[in-house]
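Examining the three-dimensional arrangement
Here's the letter readout for the chains.
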Amino acid sequence: MFVFFLSFFLSFFHFADAMATPSPAKSMGDPGITPLSPTHVLDSEENEPTRHPYVVVVAIDFGTTSSGYAYAFTKEPECIHTMRRWEGGDPGVSNQKTPTTILLSPDRKFHSFGYAARDFYHDLDPTESKQWLYLEKFKMKLHTTANLSIDTDLHAANGKKVKALDIFAYALAFFKEQALKELSDQAWADFDNADVRWVITVPAIWKMPAKQFMREAAYKAGLVSRDNPDQLIIALEPEAASIYCRKLRLHQMVDLGNKTALNGYSPTENIGVGMTQAKEHVRRNRQSRTFLVENVIGELWSELTEGDRYVVVDCGGGTVDLTVHQIRMPEGHLKELYKASGGPYGSIGIDYEFEKLLCKIFGQDFIDQFKIKRPAAWVDLMIAFESRKRAAAPDRSNPLNINLPFSFIDYYKKFRGHSVEHALRKSNVDFVKWSSQGMLRMNPDAMNALFKPTIDHIIQHLTELFERPEVTDIRFLFLVGGFAESPLLQQAVQKMLQGHSRIIIPHDVGLTILKGAVLFGLDPSIIKVRRSPLTYGVGVLNRFVEGKHPPEKMLVKEGTRWCTDVFDTFISTDQSVALGETVKRSYTPAKPSQQVIVIHVYCSEKESVSFITDPGVRKCGTLKLDVSGTESPASPAARREIQTLMQFGDTEIRAMAVDVATSRSVKASIDFLSQ
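This is a predicted model, so every value here is computed, not measured.

Right, let's get into the sheet that holds strand E9 (residues 101-104). One open sheet holds the three strands; their spatial order is E10-E9-E11, and the pairing between them is antiparallel. Edge strands, defined here as strands with exactly one partner in the open sheet, are strand E10 (110-113) and strand E11 (133-136). This sheet shows a mean twist of 15 degrees between the axes of neighbouring strands, independent of strand direction. Alignment of E9 against E11, held across four bridges, turns out to be antiparallel.

Now for the side chain of Thr 64. Relative to the helices and strands, Thr 64 is located in the loop between strand E5 (56-62) and strand E6 (66-73). A relative accessible area of 6% means that Thr 64 is categorised as buried. A polar contact is formed between the side chain of Thr 64 and the backbone nitrogen of Gly 318, at a distance of 3.3 Å. In this structure, Thr 64 is in contact with Thr 100, Lys 137, Lys 139, Met 140, Gly 317, Gly 318 and Ile 348, ignoring residues within four places of it in sequence.

A few words now on helix H15 (residues 512-522). A large share of H15 lies buried, amounting to ten of its eleven residues. For H15, the complete set of buried residues consists of Thr 512, Ile 513, Leu 514, Lys 515, Gly 516, Ala 517, Val 518, Leu 519, Phe 520 and Gly 521.

Attention now moves to the pairing of strand E14 (residues 196-202). In terms of burial, E14 is largely enclosed, as seven of its seven residues are buried. Bridge count for E14 against strand E15 (residues 232-236) is five bridges, and the pairing is parallel. Of the residues in E15, the one forming a bridge with Val 202 is Leu 236. Read as a crossover between parallel neighbours, the route from E14 over helix H5 (residues 208-221) to E15 is right-handed.

A few words now on the packing of helix H9 (residues 364-373) against helix H10 (residues 375-389). Viewed as axis vectors pointing N to C, H9 and H10 meet at an angle of 110 degrees, and their least axial separation amounts to 5 Å. The angle between the axes of H9 and H10 places the two elements in the roughly perpendicular class. Each of Ile 367, Phe 370, Lys 371, Ile 372 and Lys 373 in H9 lies in contact with H10, whose residues at this interface are Pro 375, Ala 377 and Trp 378. Grouping the amino acids of the contact of H9 with H10 by side-chain chemistry returns six nonpolar, no polar and two charged.

Quick look at the packing of aromatic side chains now. Here the structure, examined in full by the defined rule, presents 28 aromatic pairs. Where Phe 110 meets Tyr 170, the ring centres are 5.7 Å apart and the plane angle is 35 degrees; that geometry is what we call tilted. Of this pair, Phe 110 sits in strand E10 while Tyr 170 sits in helix H4 (residues 164-187), and the two are 60 residues apart along the sequence. On the basis of relative accessibility, which here comes to 30%, the residue Phe 110 falls in the partly exposed class. Pairing Phe 113 with Phe 175 gives two aromatic rings, centres 5.3 Å apart and planes at 70 degrees, and the pair type is edge-to-face. Linking Phe 113 in strand E10 with Phe 175 in helix H4, this pair joins segments that are 62 residues apart in sequence. Accessibility assignment for this pair places Phe 113 and Phe 175 in one class, buried. Here the basic side chain of Arg 543 rests over the ring of Trp 562, its NZ or CZ set 5.0 Å away from the ring centre.

Take the sheet that holds strand E22 (residues 432-435) next. Taken in spatial order, the three strands of this open sheet run E21-E23-E22, and their pairing is antiparallel. Two strands bound the open sheet, and with one partner strand each, they are strand E21 (400-403) and E22. Averaged over all pairs of adjacent strands, the angle between strand axes in this sheet comes to 30 degrees, irrespective of strand direction. Where helix H8 (residues 348-362) meets the sheet, it contacts E21, E22 and strand E23 (439-442), and its direction lies at approximately 110 degrees from that of E23. Sheet strands in contact with helix H13 (residues 444-466) are E21, E22 and E23, and its direction is about 85 degrees off that of E23.

Tracing the chain through its elements places Tyr 587 in strand E31 (residues 582-589). The exposure class of Tyr 587 is buried, given its relative accessible area of 1%. Sequence-wise, Tyr 587 and Glu 641 are 54 residues apart; in three dimensions their C-alpha atoms are separated by 5.7 Å. A polar side-chain atom of Tyr 587 sits 3.0 Å from a polar atom in the side chain of Asp 568.

Scoring rules and cut-offs
- Residues numbered from 1 in each chain as written.
- Predicted model: local features only at pLDDT ≥ 70, side-chain atom pairs only at ≥ 80, totals over all residues.
- Heavy atoms only, no water.
- Pairing = 2+ DSSP bridges.
- Helix = DSSP H or I, 4+ residues; strand = E, 2+ residues; numbered from the N terminus.
- Axes fitted to C-alpha atoms, helices over the stretch in contact; angles between N-to-C directions.
- Buried < 20%, exposed > 50% of the residue type's maximum accessible area, 1.4 Å probe, protein only.
- Polar contact = N/O pair within 3.5 Å; in protein donor to acceptor, adjacent residues only side chain to side chain.
- Contact = heavy atoms within 4.5 Å.
- Right-handed = clockwise from strand over helix to strand, strands pointing away.
- Parallel < 35°, antiparallel > 145°, perpendicular 65-115°, else oblique.
- Nonpolar A, V, L, I, M, F, W, Y, C, P; charged D, E, K, R; others polar.
- Phe/Tyr/Trp six-rings, centres within 6.5 Å; stacked < 30°, edge-to-face > 60°.
- Lys NZ or Arg CZ within 6 Å of the ring centre and 35° of its normal.

This is the structure in structure tokens:
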């Protein structure tokens, strides 16, 4: 029997919403297939594809606000190397990652990425800058777009549209070039991309189309080819953080829940002191770009016993992701206890609040025009705000000064006919004053108020999570991601937990996911059990049973009564699935003469689903099995068997199929981006 692996992977686990199509599933009438086996077979064997002897694992942390890469050689898995220092950078800010900003020339060709893009754009003449396409914080578009597709557009700072796939591909190609150049310099010869296993991190709560979109961008960027999809692993950000936190030594973290001093820091004295010391530690050591990780579990993990539970809260620029893991001894493998959750509660929410404040003071019409007419100056203003945002703290008493670009002051006077100072006086905005040095002086209360809506969302979500029965007796809460550095967020989480769990923050909090992604690429089997976020199944015909099936679902074919629109469940929501667990199904064409078998894949948040037309059921993809050109079975009466196997438990589904009747291969494709 000839079995072949399909050359596609489905981004599967950890997204809370249903798929791209917002409307419920519609009846497909006759789906064209009927089950041959009444129940599925759960195969516990790990049918992993043959492993390629990769020389190095390179992970790309593609963030909303900043991005970077790190790598480790498979022969030295305990040594994780971070990327070279980036050109540019801001004073006092560690530049081991670079801003997620990209610049295209007026003819839409890639020009630069990161600090280089930001600085070049900043130095352009205002009239010239309008012709260039500058994009920042564009990653969230994949999460917020309801009908994401290959043709989805992004808007540059000048208002012009550009294909999202091109932008993501340009960014990934940039990291590929940077990483291969560094590896080649070390090897004193050109480093072959075929020797690299690539890992790209994505938020765990992303929808399936968004995850597939990143894979499509990786194909377009030339990271990997469609012929060898195994060369790319999609890593889930909180999982990567969880894997790295297993390796933590006591001197590599701040323990906010400890009642005694740790590294000379007492949490009862000042919540910001520990992170200040931690950041200073990182700054002192950032010349060394190699991190040594334990080849066994870290000291913190030695406190854990079989069955202990912990939560990882990944606070990034765009999203906040939460995952609940349980330790499995003696190897220290991880089991997911509750499907990942979270939402768009990242630190860019504070930027949006600042923009709303500016609109309140100067008017929505002016801010909209200023962003279009002076796009580079708007970028400068937000950079100035970013540096002051990082200084917000619960105990701060002196004002925070934000420089207003001269072009802002000048354009406002031309637009309104009066000064910025006049606007501030008339706005009645509390705690924001004007400085004659050309600065907005924000009282600490005013700055803290910008944080409140975002932090409130995070605390509300955490509170609801901790009320769930699966989330009890939590030993540790790991706070990771760039936003985790915020003393305001740290204080809010401490207040919410009230000492019930210890709060652990890694020193290099912004690189936690990146280094964890490298470890995941070295050993993708570390997460042994995951939870399915949705119920998955396909639409089939079943024999009609009087009294069980609705009369309106009856379909008569050649004298046989069938029930149409039946939901044949592959896996149920929140079901525990072991790594490598395979669901096997056998189907037969409703008509022997069929040349193409179309299997529609559906999903639902509900655990029990009867029909594809039930409320909340949505089509999430289509599997096409092309059996044209194959010989008919020897006996016309024989039924062609199409055996489909889907392997779960990984971050993506692996699928394979075989046409049993002819022993010939069938072609298959599934697409979540063409709804």
